[in-house]
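Letter by letter, the chains look like this.
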Amino acid sequence: MTVRISPLIDRLIDAFRILPGVGPKSAQRMALYILRHNRAGGRTLADALIDAMERVDYCRRCRNFCETEFCNICADERRDDSLLCVVESAADILAVEQAGGYRGRYFVLHGRLSPIDGLGPDALGLDRLDALVGAGGVGEVILATNTTVEGEATAHYIAEMLRDRGLAISRIAHGVPMGGELEYVDGGTIAHALRGRRNLAVDG
Amino acid sequence: MTRRIVNELAYVLHQRPYRETSALVELLTVEHGCVSVVGRGVRAGRRTAPGLHPFGRILVTCSGKSALLTLTHAESLDRHVLQGRALFSGLYLNELILRLVKHDDGHPALFVAYEEALAALAAGEEIESVLRRFEKALLRECGYGIDFEFDAETGRSIEPLRCYRFQPDVGFVGVAERADDRSVFSGATLLAIRDDGYHDADVRRAAKRLLRRALAPHLGDRPLNTRSLFGDHRR
Ligand SMILES: [Zn+2]
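Since the structure is predicted, the reported quantities are computational estimates derived from the model, not experimental observations.

The rules behind the values
- Residues numbered from 1 in each chain as written.
- Chains lettered and ligands numbered in written order.
- Predicted model: local features only at pLDDT ≥ 70, side-chain atom pairs only at ≥ 80, totals over all residues.
- Heavy atoms only, no water.
- Helix = DSSP H or I, 4+ residues; strand = E, 2+ residues; numbered from the N terminus.
- Rg over C-alpha atoms; globule rule 2.2 N^0.38 Å.
- Buried < 20%, exposed > 50% of the residue type's maximum accessible area, 1.4 Å probe, protein only.
- Contact = heavy atoms within 4.5 Å.
- Areas by Shrake-Rupley, 256 points an atom, 1.4 Å probe, with all protein chains shown as cover.
- Disulfide = S-S within 2.5 Å.
- Expected span 1.5 Å × (residues − 1).
- Polar contact = N/O pair within 3.5 Å; in protein donor to acceptor, adjacent residues only side chain to side chain.
- Donors = N, O, S within 2.8 Å, 3.2 Å for Na, K, Ca; no water.
- Tetrahedral: all angles 85-135°; square planar, octahedral: opposite > 155°, others 65-115°.
- Pairing = 2+ DSSP bridges.
- Phe/Tyr/Trp six-rings, centres within 6.5 Å; stacked < 30°, edge-to-face > 60°.
- Axes fitted to C-alpha atoms, helices over the stretch in contact; angles between N-to-C directions.

S.K.: What's the story with the overall build of chain A in this structure? I'm lost.
M.R.: Secondary structure summary: chain A contains eight helices and six strands in total. The helix and strand sequence of chain A, counted from the amino end, reads α-α-α-β-β-α-β-α-β-α-β-α-β-α. In summary, chain A has a C-alpha radius of gyration of 22 Å against a globular reference of 17 Å for 204 residues, an excess of more than 25%. Projected onto its principal axes, the C-alpha coordinates of chain A cover approximately 70 × 45 × 40 Å. A total of 204 residues make up chain A; the buried ones form 35% of that total. Within chain A, residue pairs in contact and separated by at least 24 positions form 49% of the contacts whose partners lie at least 6 positions apart. Accessible area of chain A: about 12900 Å², with a carbon and sulfur share of 54%.

Here's what the structure looks like:
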């Protein structure tokens, strides 16, 4: 059990515990560290937190986090408007961007359909996605939700929702990971990989 | 009192993240009905152990003193891969089971019915027929089976040419004429549903209407969330 120290320090320790992976012991270590070694850094952290909490909102177009009306990606005129990649989280945008090679736009769901947990189509704000696509200009929607059961259900729901919009709808390929040995891949993944097989063109 | 389940066959119905690396997993077992377990560390590396996703069949070992047992071992056997509407349907079956089946109540026949339904969905069988067959089996196993043989009031056999009103917890009661009543069904339709003969679209529609009414009292006032997946997107 954590030992209570003083109201202000206890409050600081409790506050650190909202961070993922931070238990009582690490929170205590963090609090005592900045108090002893880095007060300036602590102030910077406090300011950054307050500014971000007050000013970061959702991009009006893609729902990515940003503090301006439109995020950097949406504001970038060199991007391909005809491609729209739908992802579950803002972290997924970063992952795709860091992988490189994609120059289209995004839409962030900030979640996935999980009806058994009470997260249905309404909770996910899919009407905004529908409106964005309905506004025109998008030629292909790439459904890049996770390859979990919920991610699959979300992708299929969106595909049905957009079916009559007259555009191409694709799903990211998933199956055996790069460098993966079949022997160690679970049966469900192998079944998916087989279903999503593609033609291997051989020249000559 | 410590409860222990050792190497029992189970299907994963649902799992949700719990703390940093753990997951709460809902299972349908052969001998113990629905079982909730916490799998500690199963999401280490941000990816749930492959067998612990819905529709996965596992051999489970778990124990504990409360209603929530601790998963000690899960051996992944195989998993049905469902796509599209078949996937929505599978999630619907899972929600139905979670809502109707009690903990610590073994239902070997229900387990088999679930297994058959998943296999049929994965094989691309006509979805409505699969769902109705399963709903009937689920009601029967939970002790709410529908009696398709006899008029609940007179005790006489259901006759194809007569009409019957369905009353949950009572059964079918003969009515003089076919009023404009969503609870009234023809005897011929009831006998077709009894035999799972769903090739006729009218029978499929009637079966859906009947089973919704039969399930409703056991679902209370909370709607089934998975029904929202089967939205009508036509503009
Ligand atoms: Zn944006």
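There's more to say after this.
S.K.: Is there a simple way to think about the state of the cysteines in this case?
M.R.: What makes a disulfide is a covalent bond joining the sulfur atoms belonging to two cysteines. Counted by the stated rule, this structure contains zero disulfides over all chains. Residue B:Cys142 stays outside any disulfide, its sulfur separated by 8.7 Å from that of B:Cys34, the closest cysteine.

S.K.: It is not clear to me how helix H3 (residues 127-141) of chain B should be interpreted in this structure. Could you clarify?
M.R.: Since the α-helix advances by 3.6 residues per turn, residues separated by three or four positions end up pointing in the same direction. Residue and element names in this part refer to chain B. Spanning 15 residues, H3 covers 21 Å between terminal C-alpha atoms, matching the ideal 21 Å at 1.5 Å per step. Of all 15 residues in H3, eleven are buried; the element is thus mostly enclosed. Of the residues making up H3, those classed as buried are Ile 127, Ser 129, Val 130, Leu 131, Arg 132, Phe 134, Glu 135, Lys 136, Ala 137, Leu 138 and Leu 139. In this fold, the buried residues of H3 make contact with helix H1 (84-100), helix H2 (108-122), helix H4 (187-194) and helix H5 (201-219). For H3, the N-terminal capping position is held by Glu 126, with its side-chain oxygen 3.2 Å away from the main-chain nitrogen of Glu 128. Once H3 finishes, Gly 143 follows within two positions and takes phi at roughly 90°, a positive value.

S.K.: Teacher, can you tell me more about the environment of B:Asp221 here?
M.R.: Tracing the sequence through the fold places B:Asp221 in the segment after H5. In this structure the C-alpha to C-alpha distance between B:Asp221 and B:Arg140, which are 81 residues apart in sequence, comes to 22 Å.

S.K.: Got a minute to help me understand the coordination of the zinc ion in this structure?
M.R.: Any two of four tetrahedral donors ideally make an angle of 109.5 degrees at the metal, while pairs among six octahedral donors ideally make 90 or 180 degrees. Residue and element names in this part refer to chain A. Of the protein atoms, only Cys 59 (SG), Cys 62 (SG), Cys 71 (SG) and Cys 74 (SG) coordinate the zinc ion, at distances of 2.3 Å. One can describe the donor arrangement at the zinc ion as tetrahedral, given that its four donor atoms subtend angles of 103 to 119° at the metal. When the donor residues of the zinc ion are listed from N- to C-terminus, their spacing reads C-x2-C-x8-C-x2-C. Among the residues examined, Cys 62 registers a relative accessible area of 2% and is labelled buried.

S.K.: How should the pairing of strand E6 (residues 163-167) of chain B be read in this particular structure?
M.R.: Within a regular strand, side chains alternate between the sheet's two faces. Residue and element names in this part refer to chain B. Where E6 meets strand E7 (residues 171-175), five bridges bridge the pair, whose relative direction is antiparallel. If you follow Tyr 164 over to E7, its bridge partner there is Gly 174. When E6 meets strand E8 (residues 184-186), the two strands line up antiparallel, connected through three bridges. From the neighbouring strand, Arg 165 faces E8, where its bridge partner is Val 184.

S.K.: Explain the packing of aromatic side chains here, please?
M.R.: Aromatic ring pairs are described here by two measures, namely the spacing of the ring centres and the angle between the planes. Residues and elements named next belong to chain B. Taken as a whole and judged by the stated rule, the model has nine aromatic pairs over all chains. Centre to centre, the rings of Tyr 11 and Tyr 114 are 5.2 Å apart; their planes meet at 75°, and the pair counts as edge-to-face. Of the two residues, Tyr 11 sits in strand E1 (residues 3-18) while Tyr 114 sits in helix H2, which places them 103 residues apart along the sequence. Summarising the burial analysis for this pair, Tyr 11 and Tyr 114 share the class buried. Where Phe 88 meets Phe 230, the ring centres are 5.9 Å apart and the plane angle is 85°; that geometry is what we call edge-to-face. Taken together, the residues span a long stretch of sequence, with Phe 88 in helix H1 and Phe 230 in the segment after H5 at a distance of 142 residues. For Phe 88, a relative accessible area of 0% puts it in the buried group. Judged by relative accessible area, Phe 230 falls into the partly exposed class, the value being 27%.

S.K.: How should the sheet that holds strand E6 (residues 168-171) of chain A be read in this particular structure?
M.R.: Residues and elements named next belong to chain A. In space, the four strands of this open sheet follow the order E4-E3-E5-E6, with parallel pairing throughout. The sheet terminates laterally at strand E4 (104-108) and E6, the two strands that pair on one side only. Here the strands of the sheet are splayed against their neighbours by 25° on average, with no regard to which way each runs. Bridge analysis of strand E5 (residues 140-143) against E6 gives four bridges, and the strand direction is parallel. Within the sheet, the bridge partner assigned to Leu 143 lies in E6 and is Arg 171. Across the sheet, helix H5 (residues 90-99) touches strand E3 (80-87) and E4, and the angle it forms with E4 is around 155°.

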